[in-house]
Amino acid sequence: MPTFTGTHAHTGALPAACAIVMACLLLPRGPTYGQASATTVTWRAHPGGAHGFDAAALADAVDRARALAPPLTGLIVARGSTTVAEAYFNGRGPNQAANLKSASKSVLSALAGIALADGVLDGVSQPIGPFFPTLLADAPRKRRITVDHLLTQQTGLESTSFDNYGAWVSSADWVADALRRPMVDRPGGEMIYSTGTTHILGAVLAEASGQSLRAFAQERLFDPLGVRIRSWQQSPAGRYFGGNNLALTPRGMLRFGQMYLNGGRFGGQQVVPANWIDLSWRTYVRSTYRDHQYGYLWFTHTFGGARVAFAWGYGGQYIFVVPRLDLVVVCTSSLRTRPSGGNDHNEQLLRLLAEHIIPAAQGPPGSIAWPSVPRPVFGW
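Note that the structure is predicted; figures quoted are calculated from it, not measured.

Before going further, it helps to examine the packing of aromatic side chains. Counted according to the given criterion, the structure contains 22 aromatic pairs. Seen in terms of ring centroids, Phe-162 and Tyr-193 are 6.0 Å apart; in terms of plane orientation they differ by 45°. Their pairing is tilted. Taken together, the residues Phe-162 in the loop between α5 (147-152) and α6 (165-169) and Tyr-193 in the loop between α7 (174-180) and α8 (195-209) connect sequence positions 31 residues apart. Site record: aromatic cluster; members linked through ring pairs are Tyr-294, Phe-299, Phe-303, Phe-310, Trp-312, Tyr-318 and Phe-320.

Turning our eyes to something else, we now look at the nonpolar core. Ranked by size, the top nonpolar core spans 110 residues in total, and within it Val-77, Phe-132, Leu-221, Phe-222, Phe-256 and Leu-327 carry the most contacts. At nine residues, helix α12 (residues 345-361) tops the list of elements feeding residues into this core.

In space, the three strands of this open sheet follow the order β5-β7-β6, with antiparallel pairing throughout. At either end of the open sheet lies a strand with only one pairing partner, and these are β5 (98-99) and β6 (231-232). Judged from the two bridges that link them, β6 and strand β7 (residues 246-248) form a sheet pairing that is antiparallel. Along β7, the bridge assignment pairs Trp-232 with Leu-246.

This brings us to the environment of Gly-295. Note that Gly-295 resides in the loop between β11 (293-294) and β12 (299-303). A sequence separation of 17 residues divides Gly-295 from Asp-278, and the C-alpha atoms of the two residues are 9.6 Å apart. Among residues more than four places away in sequence, those in contact with Gly-295 are Leu-151, Thr-152, Ser-280, Arg-282 and Tyr-284.

Let us look at the environment of Leu-58. Mapped onto the elements of the fold, Leu-58 is located in helix α2 (residues 55-66). Residue classification places Leu-58 among the buried positions, given a relative accessible area of 0%. For the pair formed by Leu-58 and Ile-358, sequence separation is 300 residues and the distance between their alpha carbons is 9.2 Å.

This brings us to the pairing of strand β13 (residues 306-313). The buried count for β13 comes to seven of eight residues, which makes it a mostly enclosed element. Linking two consecutive strands that pair antiparallel, namely β12 and β13, is a turn of two residues; a positive phi of about 60° is found at Gly-304 within it. Direction of pairing for β13 relative to strand β14 (residues 317-322): antiparallel, over a ladder of five bridges. Paired with Gly-313 across the bridge in β14 is Gln-317. Between β13 and β14, which pair antiparallel one after the other, the connecting turn spans three residues, and Gly-315 there sits at a positive phi close to 85°.

Right, let's talk about helix α10 (residues 250-261) for a bit. Spanning twelve residues, α10 covers 16 Å between terminal C-alpha atoms, matching the ideal 16 Å at 1.5 Å per step. Counting buried positions over the twelve residues of α10 gives ten, a clear majority of the element. Those residues of α10 lying buried are Pro-250, Gly-252, Met-253, Leu-254, Phe-256, Gly-257, Gln-258, Met-259, Tyr-260 and Leu-261. Following α10 by one or two positions, Gly-263 adopts a phi angle in the positive range, close to 65°.

Once that is clear, we can look at empty space enclosed by the protein. With the rule as written, the count across this model stands at two cavities of 30 Å³ or more. Looking at the second largest cavity, its volume works out to about 30 Å³. Class assignment of the residues belonging to the lining of the second largest cavity gives a composition of five nonpolar, two polar and one charged.

Another point: the packing of helix α3 (residues 104-118) against helix α9 (residues 213-225). Direction vectors running N to C along α3 and α9 enclose 75°, while the axes themselves pass 10 Å from each other. Of the possible angle classes, the one that applies to α3 and α9 is roughly perpendicular. On α9, the residues that touch Val-107, Leu-108, Ala-110, Leu-111, Ile-114, Ala-115 and Asp-118 of α3 are Leu-213, Phe-216, Ala-217, Arg-220, Leu-221 and Phe-222. Taken together, the residues of the contact of α3 with α9 sort by class into eleven nonpolar, no polar and two charged.

In this section: the confidence of the model for the protein. When the pLDDT values of the protein are averaged, the result is 87; 84% of them are 70 or greater. Taken together, the stretch residues 1-36 has pLDDT below 50 and engages in 57 contacts with residues farther than four places along the chain or on a different chain.

Attention now moves to α8. Counted at 1.5 Å a residue, the expected span for α8 with its 15 residues is 21 Å, and the 21 Å between its end C-alpha atoms agrees. Buried within α8 we find Thr-195, Gly-196, Thr-197, Thr-198, His-199, Ile-200, Leu-201, Gly-202, Ala-203, Val-204, Leu-205 and Ala-206. Considering only its buried residues, α8 is in contact with α3, α5, α6, α7 and α9. Once α8 ends, the next one or two residues include Gly-210, with phi positive near 75°.

A few words now on the side chain of Lys-142. The residue Lys-142 is located in helix α4 (residues 140-143) in this model. Of the side chains with opposite charge, Glu-158 lies nearest to the buried Lys-142, which makes no salt bridge, at 9.1 Å. Dropping the residues within four chain positions of it, Lys-142 is found in contact with Ile-128, Leu-136, Leu-157, Leu-179, Arg-180, Arg-181 and Met-183.

On to the pairing of β12. Counting buried residues along β12, four of its five residues qualify, which places the element largely inside the surrounding structure. Where β11 lies against β12, two bridges are found, and the strand directions are antiparallel. Counted as the bridge partner of Gln-293 is Thr-300 from β12. Linking two consecutive strands that pair antiparallel, namely β11 and β12, is a turn of four residues; a positive phi of about 60° is found at Leu-297 within it. Strand direction decides the pairing type here: β12 and β13, joined by five bridges, are antiparallel. Across the sheet, residue Phe-303 finds its bridge partner in β13, namely Ala-306.

Calculation criteria
Residues numbered from 1 in each chain as written. Predicted model: local features only at pLDDT ≥ 70, side-chain atom pairs only at ≥ 80, totals over all residues. Heavy atoms only, no water. Phe/Tyr/Trp six-rings, centres within 6.5 Å; stacked < 30°, edge-to-face > 60°. Helix = DSSP H or I, 4+ residues; strand = E, 2+ residues; numbered from the N terminus. Core = buried A, V, L, I, M, F, W, Y, C linked by side-chain atoms within 4.5 Å. Buried < 20%, exposed > 50% of the residue type's maximum accessible area, 1.4 Å probe, protein only. Pairing = 2+ DSSP bridges. Contact = heavy atoms within 4.5 Å. Expected span 1.5 Å × (residues − 1). 1 Å grid on protein atoms, 1.4 Å probe; cavity = no way out; pocket = protein on both sides within 12 Å on 5 of 7 lines; lining within 4 Å. Points joined across faces, edges and corners; volume = space filled by probe spheres on them. Nonpolar A, V, L, I, M, F, W, Y, C, P; charged D, E, K, R; others polar. Axes fitted to C-alpha atoms, helices over the stretch in contact; angles between N-to-C directions. Parallel < 35°, antiparallel > 145°, perpendicular 65-115°, else oblique. pLDDT = per-residue confidence, 0-100. Lys, Arg positive; Asp, Glu negative; His and termini not counted. Salt bridge = Lys/Arg side-chain N within 4 Å of Asp/Glu carboxyl O.

Listed below in structure tokens is the structure:
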């Protein structure tokens, strides 16, 4: 049986009965994939209708999310700084860490923006050659790869992902292996999705800051958010895995998204420069994934009529940011439990966002649409 927990006092004028109705709407409607699924749903503030949502549609979205569990393990929907719906499935909860997988790449983008603002890096046009003088001593083309190329995945290096991933992570030094890959394009050419590229960027940040990547991330990014890194895999050479296998709680992921939504500010502090948010969400290349656009380690696309920037990790890990609707949505998924049948889990989550959550965020049919919140004009 699900549990419903209020973690903030209800201060609005809506009657208490509304909250009861909402809770009833969210009762699960039977097991999924032939197995029981424990569900915890938490209303942390007002029911969704108090924040311009179609409350019934939001409840239906949560119910539809439950139908995706497993592998879906968590869903958070927030308007600005207020969480209006939070649900966990299959015994998961808000304090259990989720492996972001490649959504970690968007975290790395934030760290690059902080490093540039701090003067740790000179600029996005800074070449990587001086950071790896021995490895790149006989590779003049590779020495000219820039921070910008790393951020847009346009290094020209052969990918370490997909069919090459296993051999790459089996190597003794992931940075060396990635840099020794052959050049299959010029720097600044086509996008070549590669986790090795972001691992190189992580090494650049560590070398430039004089700290481990994890220490730099915790101090300069996550401490201001009040978030603790739960774990982050290291390579055999001891470097933290830039661009993969960072673990945060779902609420930590939410705070990261809310900081981006708020122009890089959180709790009154400018954590990431506002202009870096703009630069990160511009389109530099066309992604190799489903025609999405790609910025500085962020995907962008239009879903449900709204422009969305999103961090995306393998298996269904997402942080969606929808500035026009003042909306952040977090999805976490199990990496072990996969649904039977041919349904693509990522596609189902994108449909959940586009066909249910975004329409619910625009209010009940016939109502005045949720007003746009004045925010920086991101590069769209």
